[in-house]
Amino acid sequence: MNREKNIDIQISKIYEKAERLFKADQEIKEIINFSDEEYDTMESYRNRFTEIRVIYEKNYNKHDESKSEISSEIAPDNLKLPKLNLKEYDLMPKSWIAFWGQFCRVHEDKNLREEDKFQYLHSSLKPRTKARDIAEKTLGVTTSNYAAILYPVVETYLLVEILKAWDRYRLKRELKEEDPVLTKEKVLENLMSFLLHEVEGEEHRALAETAFESGIKRKLRSVTKRLLKENICEVYDDILRQWQKEGIIEAILKTEVSKPGHYLPHRPVIKSSSATTEVRRFFDASFKRPGYASLNECLSVGPSLSEHIPPLLLRFRTVSIGVIADIKQAFLQLAVKPEDRDYLRFLWWNTEDKSKLEFFRHCRVVCGVTSSPFLLNASIRHHLNSAEFQLESLQQTIEKLKKGFYVDNLTIRVENQEKLVKFKTQTLEIMMAATFKLRCWAHTGVQDQESQNVLGLKWGTETDEL
C-alpha cells in the first residue's frame, strides 16, 4: 500500500513538472523556431512522459480515472503523444477516405484513452477552420463526450449539398432504428457510413468524368476530329439521338453516374457500298486499360458459330433456287437486363454544349461484344421452338430457318418458285412475331442485280455462281 502511495506521489510530481516543461516549450516555440535536433529532443521527452503515464495507469490506476486527469489547462499542442503523420482533412469529400483511413485506427484503438484520441484528432484538423475552433473550445474532452465532439467536427466539413443529402440520409436511417433516441456513438457511426458511401460515389463519379483520360476520352476526341474532318459528325449524332428515341440507349442520370460501370469506346464504320446504312457506330468491347481486362475478356463467347459456315455453303449449292436475306438491326432487337446495362456505357458530347460530356448506356445487345452473336443465335432458336410455330404446315419452313441462319444472315435453298413464295411468306410472319424484320431478299434468277455477299463470298444471282 505504501509502495503504491509513493508511486502516486512521484507520478504527481512528474505531472506537475511535465506541465511546467510543456508550457515553457510552448512559450519558447511561439518566439523562436526549433531546429530539427531540438524538436526531436523535445519530442523524445514527450514520448517518454506518455509511456510512463500509460504504464502507471495500466498497472496502478485502473479504477481511479480522476488521478489520470492532466490539468485541462494543458492544451493538446502542449502535451503531445507519439508523433503520427496524419493527413489534414480539408473541405473536399474525396479527401475524407484518405483522412479517415488513417484516423479510424486511432478512433477504434481500445488501448487509447478518449482524451488521447482527441489530441490526435485536434492535430489533424486544418488550422483556422470551424472544426478546429470547436475542438479548441473543448479541450476538456472525456470518455463520455469524445463521440459527441468528433461528430460536429466532422459535420462542419460537409459541403452544403452533401449536408442536405446527409440530413435526408440521417432522417431515413433514424426512422428505421428501433431505439428512437440514438446514442452519440450510433449517430457518429451513421455519419461515417454515409461519408463512406459519398466518397465511393465521388470516386466513381470522378472516374466517369475523367473516363480513363489516357484511353476512352482520348479516343472520343480522336473520333470526333475524324467525324468533323469527314463532315459526318451530324449524321453520327443523329444516329445516337434516334437510338435514344427508340429506347435502344438511355441517358444516365447524374445520380447514377457514380455507380460502378464500364465504358466502351466507339467509332464510325463507313460503308459507301452499303444498301442500308452508310455510317454505323462500332463499339469496341476489346478495349482495355493497362493492367485491366477488357469487357470481352470477361464474357463467355459460347459455342463457336464459324463451324456452321461450311455446312451452310454446301446446302446452299444443293437444289435449284438459292435464297438469302438478313435481319434488320438484329442485335438491337434483344434487350439487356437493367442490372447489366451499366457495363455497356459510353460517352458522347452534350447537344447544347459540345465541350461537355453526356453519359449513356445500351439497353440492347451490342454489336462488338463477343457474346452477342451467340445470344442472337440462341434467341432465334428459342423463338423458332415456340409452341405456336409447331404446326405441321410450318415445319418445313421452321427446319430450314433453324439450319439457315448464321448470326443475322439467312442462307437457304428451295426447290422451285412456288416453294420460294411460300417460304418467304411464312418466314416474314414467323420472324416478325419476334420483331425480327427480314430485308435485302435475293434469290437465284434475278437479273440486272449486283453480285451479293454470301457468308463472305460473292454470289451472282443471275448465273448462280459463287
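Before reading on, note that the structure itself is shown above.
Here's what I pulled together on the structure shown here. Keep in mind the model is a prediction, meaning the values are calculated, not measured.

1. Quick word on the pattern of salt bridges
(1) Moving on: Inspection of every chain in the model, using the stated rule, returns 13 salt bridges.
(2) Moving on: In this structure, Arg317 and Asp464 form a salt bridge, with 3.2 Å as the shortest nitrogen-oxygen distance. Taken as a pair, Arg317 in the loop between helix 11 (309-316) and strand 4 (321-327) and Asp464 in the segment after strand 11 (457-459) lie far apart in primary sequence, 147 residues in all.
(3) Moving on: The buried category is assigned to Asp464, whose relative accessible area is 15%.
(4) Moving on: A salt bridge links Lys419 to Glu415; its shortest N-O distance comes to 3.6 Å.
(5) Moving on: Each of the salt bridges in this network shares a partner with another, and the network as a whole consists of Glu250, Glu256, Asp342, Arg345 and Arg361.

2. Observations regarding the packing of helix 13 (residues 395-404) against helix 14 (residues 417-432)
(1) Moving on: At a minimum axis distance of 10 Å, the contact between helix 13 and helix 14 shows a crossing angle of 70°. With respect to helix 14, the element helix 13 is oriented roughly perpendicular. Residues Thr397, Ile398, Lys400 and Leu401 of helix 13 lie in contact with helix 14, whose contacting residues are Phe423, Gln426, Thr427, Ile430 and Met431.
(2) Moving on: Here the residues of the contact of helix 13 with helix 14 sort into 5 nonpolar, 3 polar and 1 charged.

3. Observations concerning the sheet that holds strand 1 (residues 249-251)
Pairing between the strands of a sheet comes from backbone hydrogen bonds, and it takes one of two forms, parallel or antiparallel.
(1) Moving on: In spatial order, the strands read 1-6-5; together these 3 strands make up an open sheet with antiparallel pairing. Only two strands of the sheet have a single neighbouring strand rather than two, namely strand 1 and strand 5 (345-349). Neighbour-to-neighbour, the strand axes of this sheet turn through a mean angle of 35°, independent of strand direction.
(2) Moving on: Taken together, the 3 bridges between strand 1 and strand 6 (residues 357-362) define a ladder with antiparallel strand orientation. By the bridge assignment for strand 6, Glu250 is matched with Arg361.

4. Let's talk about the nonpolar core
(1) Moving on: In this structure, Trp348 and Met431 are the most contacted members of the largest nonpolar core, which totals 61 residues.
(2) Moving on: With 5 residues, the top contributor of residues to this core is helix 10 (residues 233-246).
(3) Moving on: Among the nonpolar cores identified, the runner-up in size contains 8 residues, and Leu312, Leu313, Ile324 and Ala442 belong to it.

5. Structural notes on the packing of aromatic side chains
(1) Moving on: Per the counting criterion, the structure on display carries 6 aromatic pairs.
(2) Moving on: An angle of 70° between the planes, with centres 6.3 Å apart, marks the rings of Tyr263 and Phe359 as edge-to-face. Of the two residues, Tyr263 is situated in the loop between strand 1 and strand 2 (266-270) and Phe359 in strand 6; the sequence distance between them amounts to 96 residues. Accessibility classification places Tyr263 together with Phe359 in one group, the buried group.
(3) Moving on: Taken together, Trp243, Phe283, Phe346 and Phe360 form an aromatic cluster joined through their ring pairs.
(4) Moving on: A cation sits over an aromatic face here: Arg281 above Trp348, 5.0 Å from the ring centre.
(5) Moving on: Just above the ring of Phe316 sits the side chain of Arg413; from NZ or CZ to the centre is 5.2 Å.

6. With respect to the environment of Ser222
(1) Moving on: Of note, Ser222 is situated in helix 9 (residues 216-229).
(2) Moving on: Looking at Ser222, the relative accessible area reads 47%, which means it is partly exposed.

Reading guide: rules and limits
Residues numbered from 1 in each chain as written. Predicted model: local features only at pLDDT ≥ 70, side-chain atom pairs only at ≥ 80, totals over all residues. Heavy atoms only, no water. Salt bridge = Lys/Arg side-chain N within 4 Å of Asp/Glu carboxyl O. Helix = DSSP H or I, 4+ residues; strand = E, 2+ residues; numbered from the N terminus. Buried < 20%, exposed > 50% of the residue type's maximum accessible area, 1.4 Å probe, protein only. Axes fitted to C-alpha atoms, helices over the stretch in contact; angles between N-to-C directions. Parallel < 35°, antiparallel > 145°, perpendicular 65-115°, else oblique. Contact = heavy atoms within 4.5 Å. Nonpolar A, V, L, I, M, F, W, Y, C, P; charged D, E, K, R; others polar. Pairing = 2+ DSSP bridges. Core = buried A, V, L, I, M, F, W, Y, C linked by side-chain atoms within 4.5 Å. Phe/Tyr/Trp six-rings, centres within 6.5 Å; stacked < 30°, edge-to-face > 60°. Lys NZ or Arg CZ within 6 Å of the ring centre and 35° of its normal.

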